[in-house]
Every structure is written in C-alpha cells, then in structure tokens.
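# Results of the structural survey
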Amino acid sequence: MIINNVRLVLENEVVSGSLEMRDGIIRSFSDSVSQLPAALDGEGGFLLPGLVELHTDNLDKCFTPRPKVDWPAHSAMSSHDALMITSGITTVLDAIGVGDVRDGGHRLDNLTKMLDAITHSQRLGLNRAEHRIHLRCELPFDGTLALFEQLKATPGLSLVSLMDHSPGQRQYTSLESYRTYFQGKYQLNDSEMAAYEEQQIALAQRWSQPNRAAISALCREQGIALASHDDATAAHVDESHAIGSVIAEFPTSEIAARRSRELGLQILMGAPNIVRGGSHSGNVAAHRLAQCGLLDILSSDYYPASLLDATFRLAQDETNSYDLPRAVALVTANPSAALQLNDRGVIAEGKRADLLLAHTDHGHVHIRHVWAQGRTVY
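Presented here is a report on the structure given in the accompanying data block. Computed from a predicted model, the values in this text were never measured in an experiment.

Attention now moves to the layout of surface pockets. Within this model, the second largest pocket holds a volume of roughly 190 Å³. What lines the second largest pocket is simply T86, S87, P304, A305, L308, D309, H364, V365, H366 and I367. Residue assignment for the lining of the second largest pocket shows that the elements contributing at least two residues are α11 (306–316) and β15 (364–372). Of the residues in the lining of the second largest pocket, the class split is five nonpolar, four polar and one charged.

The set of residues buried in helix α4 (residues 144–151) consists of T144, L147, F148 and L151. Angular distribution of buried residues about the axis of α4 spans 100°; they occupy a single face of the element.

Attention now goes to the environment of Y378. If you trace the backbone, Y378 turns up in the segment after β16 (375–376). For the pair formed by Y378 and E20, sequence separation is 358 residues and the distance between their alpha carbons is 18 Å. For Y378, the contacting residues outside a window of four places in its chain are I85, T86, I367, R368, H369 and V370.

So, on to the packing of aromatic side chains. With the rule as written, the count across this model stands at one aromatic pair. Summarising the aromatic geometry, the rings of F46 and F312 are spaced 5.6 Å apart at their centres and angled 70° between planes, so their arrangement reads as edge-to-face. Pair noted here: F46 is in strand β5 (residues 46–49) and F312 is in helix α11, with a separation of 266 residues, a long-range link. Like F46, the residue F312 is buried in the burial classification. Here the guanidinium or amino end of R7 rests over the ring plane of F46, the centre of that ring lying 3.9 Å away. Against the face of W207 rests R206, its NZ or CZ located 3.9 Å from the ring centre.

Let us now look at the side chain of R344. With respect to the element layout, R344 can be found in the loop between α13 (333–338) and β14 (355–361). A polar contact of 3.1 Å, which involves the side chain of R344, links it to the side chain of E130. Reaching out from R344, the side chain makes a polar contact with the side chain of D343 at a distance of 2.8 Å. In contact with R344, other than residues within four places in its own chain, are T91, E130, R132, S336, K351 and R352.

What follows is about unusual backbone geometry. In this structure, E43 takes a positive phi of about 55° despite not being glycine. Relative to the helices and strands, E43 is located in the loop between β4 (40–41) and β5. Located in the positive-phi region is D301, a residue other than glycine, with phi close to 55°. Counting through the fold element by element, D301 comes out in the loop between β13 (297–299) and α11. A relative accessible area of 16% places D301 in the buried class.

Within the element layout of this structure, S34 appears in the loop between β3 (25–30) and β4. Sequence separation of S34 and L19 is 15 residues, and the distance between their C-alpha atoms is 8.7 Å. Ignoring anything within four residues of it in the chain, the contact list for S34 reads I2, N4, S18 and A39. Engagement of the side chain of S34 in a polar contact is seen with the backbone nitrogen of L36, the distance being 3.2 Å.

Before going further, it helps to examine the packing of α4 against helix α6 (residues 190–222). One way to put it is that α4 packs onto α6 with a least axis distance of 10 Å and a crossing angle of 10°. Compared by their axis directions, α4 and α6 come out roughly parallel. Residues T144, L145, F148 and E149 of α4 lie in contact with α6, whose contacting residues are N211, A214, I215, L218 and C219. By residue class, the composition of the contact of α4 with α6 is six nonpolar, two polar and one charged.

Before going further, it helps to spend a moment on the packing of helix α7 (residues 234–242) against helix α8 (residues 254–263). Across the interface, α7 lies against α8 with an axial gap of 8 Å and an inter-helix angle of 35°. When you trace α7 past α8, the crossing you get is right-handed. Side by side, α7 and α8 meet where A234, V237, D238 and H241 of the first sit next to I255, A256, R259, S260 and L263 of the second. Of the residues that constitute the contact of α7 with α8, the class distribution is five nonpolar, two polar and two charged.

With that out of the way, let us pick up the side chain of H229. By the secondary structure assignment, H229 is in strand β10 (residues 225–229). For H229, a relative accessible area of 4% gives the class buried. A polar side-chain atom of H229 sits 3.3 Å from a polar atom in the side chain of D230. At a separation of 2.8 Å, a polar atom in the side chain of H229 contacts the side chain of E249.

A separate point is the nonpolar core. Residues L48, L295, L298, L308, L314 and L356 are the most contacted members of the largest nonpolar core, which totals 38 residues. Per-element tally for this core: the top contributor is α11, with five residues. When sequence neighbours within four positions are dropped, the list of residues in contact with L308 reads L48, L51, L356, A358, V365 and I367. In terms of nonpolar packing, the next biggest core, distinct from the first, is built from 29 residues, F63, M77, C137 and L139 among them.

Thresholds applied
- Residues numbered from 1 in each chain as written.
- Predicted model: local features only at pLDDT ≥ 70, side-chain atom pairs only at ≥ 80, totals over all residues.
- Heavy atoms only, no water.
- 1 Å grid on protein atoms, 1.4 Å probe; cavity = no way out; pocket = protein on both sides within 12 Å on 5 of 7 lines; lining within 4 Å.
- Points joined across faces, edges and corners; volume = space filled by probe spheres on them.
- Helix = DSSP H or I, 4+ residues; strand = E, 2+ residues; numbered from the N terminus.
- Nonpolar A, V, L, I, M, F, W, Y, C, P; charged D, E, K, R; others polar.
- Buried < 20%, exposed > 50% of the residue type's maximum accessible area, 1.4 Å probe, protein only.
- Arc of directions from axis to C-beta.
- Contact = heavy atoms within 4.5 Å.
- Phe/Tyr/Trp six-rings, centres within 6.5 Å; stacked < 30°, edge-to-face > 60°.
- Lys NZ or Arg CZ within 6 Å of the ring centre and 35° of its normal.
- Polar contact = N/O pair within 3.5 Å; in protein donor to acceptor, adjacent residues only side chain to side chain.
- Axes fitted to C-alpha atoms, helices over the stretch in contact; angles between N-to-C directions.
- Parallel < 35°, antiparallel > 145°, perpendicular 65-115°, else oblique.
- Left-handed = near helix turned anticlockwise from the far one by under 90°.
- Core = buried A, V, L, I, M, F, W, Y, C linked by side-chain atoms within 4.5 Å.

So, in structure tokens, the structure goes:
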C-alpha cells in the first residue's frame, strides 16, 4: 500500500512525499509523489507514527460507566480499544490499579476481569491496537504486595508504577485539594472525610515504604520497567532512582523534574495538563516543564483524545523549543524507547507500519486514518 501526498513527520524534520508499507512494516518512503493510480491520496495531511500510550485508566470507565454499573467485559474491552484507535493510539499500556479497595472505586472488584479481558482479547487478535499492561500499585495498603506477587507474571505486563496518594504529600500537598477530590469521589460528609483522611495517613506510615522496597525488588528481578509517581521533592526522585525507576510519572514540581533529568529518568506528564493549560491539582504545569526542556513523554491519562491534541498544541507554542518532530517524539519514539519497544515509534524503513494520518482544520487536529501493522483500522 502507498500513501501519497502527505507531510511525513520524521525524527528530525517534516518532508512532503509518500510512503510504502508491505507485510506490516514500512518498506520505503520518499520526498517525491508516487504516480501509481492505486495510491491513497493523503491530501497534504500529516503522516505520523502511531501513538504510544503508557498510562491510561480509560478501561476503568468502560467497565464502570456509572456508579454501581458493571459493564460486560467483552463489550467494555471492545469499546475501550475503539476509543484508543480513533485517538490514534496503536500501542497502549492499560493502567490497572492494585490496592484501591474503597467501596465505590471498583478497581479491586474489576481487577481480574480487566486483566482477563486484556490478555484474552489480545491473544485472540480481537484488538485493533496492541494492548499491554501497566500495574499502578497503591503503596499505602496491606494487601498490595500480595496482589502484585500474584500478578507479576501476567502476560503483557510492561510497566509498574509506585503510587502514594495519601494526604499531605506528593500530589496532595494541599489538604484542601485532597479533601475536594476525595469527598467528591466517595460522597463523604465532613466527619467521614476526616476519618478517611486519618485512616490513609496511618496506612501510609505503616505500608508505603515496605511495599515500595519489596515491589521494586521484584520488578528488578523480573526485568519489569519501573516508574515513580507524583515525585514532589529532590529526595523523592533520589529514592525513585535508587530503586531502579526509569520513568518519572507526573512530577509535581519543577525541582522534582530537574532532579529527574539530572538522574536520567524520562519525565512523563499528562496531555490533559497541556490542553487545559495547567494541573487540575494545582501542581506544576506541563507547559512550564516544556518551556524548560524538561518534558520527555506525554500520556493521555484520563482523556485519550488529548494525546494528539496536546502534541500539536506544544508544536504551535512559541514559548518552548518543541517543533513538530520533537513534539511527536513525546508520544511515539520516546515512550517506545523507554520500554525498549525498538520496532515502532518512528517512520523508518523496517519499522512497524503503525501510522496515523491527521489534518489540521480550523485550528484543530483531526484523524482521518489509522494503520496498525499495515492494516487499516480506522
């Protein structure tokens, strides 16, 4: 198949031309237009590598679309996969929470069902995107380590992140932000919220450090990539680096981001942070880190369509140094390299033909087509 009349977003430049793919890989590309009548006319759109998503909890929403509503697993997985593809995401790490046990969160109830749905659909070739697994381990819980020990050999497990959402530190240095979020999430009155807050602090004091040490050791033994989460201080980053983290997810301060760069951790921030213009928790803005050159990877987190949107917004922002190839690398080459997925993430001969064709109309970016291993999937 030949895609003609496109702007190819390469590693260091944008070139007008055409691309040929065959047997699931990119065979060649050129800065000239093909004369073959069967070539697909890209109408001057941008041809990018398929997006690589390292952290999305969108599957949660498909399994539990409303409070106390459990959706059938096959339908939930199919809907989730469709949203990934229509957002241009051809490789996705589905983030599954381990240790979120409060009634109403549903993550523990759905844990096995979601993992089974991912591995089953992937094994049978039912998905259009390639789905892998990211286990988000909530450290302040006595059962997190035991659960992780059961799940560490799950097929497709590619990333583990270590989280501590207890009040008064990291993402929730502001107790006001913590109370606003969790009171709204769990519908707690003031006295219930105070008791919940006290309980979470006690759990963190007892379990966070032992679980951090034990789970990181298992990841090193298994060769599983490890990510920190919400590091706020240089000391947090030093600790994350010492236990083997390779990705710094959502550092909450510029200080933590700078220390992550010094120690060689890949800095991952949320694409919704870029689209919205800042953090909903009041932490450092992703565009500020971009201005400082402290941004390596973007993740759609809770809103899949934000990934491509944020990429083009960054490239159009004259206050940073991210031109379009460098911005595209944040959602393609860099996340691929962080997980050593060296067969994808760039437009180059011999790489997987995971591609998307996008147009910018009226100031917005729109996806026209998506290919996964050379197969038209959208």
